[in-house]
Amino acid sequence: MPSKRGDPFERLHTAVKGYVEGTDPYKGLAMDAEKQLFYWNTTFEILSGALICRFCFARQRLVDAEQKFLHAEGCQHSQPDSRPPWVALHDILDRSRG
Ligand SMILES: [Zn+2]
């Protein structure tokens, strides 16, 4: 059993990131919507209506969904060219409905 609660998420994140290496993880054609949602959820979660980065705890409300998500300085998930996470989540859910 892992000693720390965060370990499984970290391992999963690393594994899936490797799987889609060299591609945008949210656009990767190799991943189906369920895996993309799983990957998305290793970095972000929704709590009390706000989207939160699991690593730096930066948050964004739904009304700001089109805005750039501002991670805390030094957060490993800060990717300047990535789509806003609300938008990425929307695309994943759209895809899952066909
Ligand atoms: Zn972050």
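Look above for the structure.
Just so you know, these numbers come straight off a predicted model, no measurement behind them.

1. What to know about the overall build of the protein chain
Okay, step 1: What the protein chain contains, in helices and strands, is three helices and three strands.
Okay, step 2: Going from N to C terminus, the protein chain has its helices and strands arranged as α-α-β-β-β-α.
Okay, step 3: For the protein chain, with 98 residues in total, the buried portion stands at 17%.

2. Describing the sheet that holds strand E2 (residues 50-53)
Okay, step 1: Across the sheet, three strands lie side by side as E1-E2-E3; this open sheet has antiparallel pairing. Across the chains shown, the open sheet's two edge strands, defined by having one partner strand only, are strand E1 (44-47) and strand E3 (59-61). Here the strands of the sheet are splayed against their neighbours by 25 degrees on average, with no regard to which way each runs.
Okay, step 2: Pairing between E2 and E3: three bridges, direction antiparallel.

3. A few points about unusual backbone geometry
Okay, step 1: One non-glycine residue with positive phi stands out, namely Ser 48, at about 50 degrees.
Okay, step 2: One can find Ser 48 in the loop between E1 and E2.
Okay, step 3: Despite not being glycine, Phe 57 has its phi angle at roughly 65 degrees, a positive value.
Okay, step 4: Counting through the fold element by element, Phe 57 comes out in the loop between E2 and E3.

Cut-off values and rules
Residues numbered from 1 in each chain as written. Predicted model: local features only at pLDDT ≥ 70, side-chain atom pairs only at ≥ 80, totals over all residues. Helix = DSSP H or I, 4+ residues; strand = E, 2+ residues; numbered from the N terminus. Buried ≥ 20, exposed ≤ 12 C-beta atoms within 10 Å, placed from the backbone. Pairing = 2+ DSSP bridges. Axes fitted to C-alpha atoms, helices over the stretch in contact; angles between N-to-C directions.

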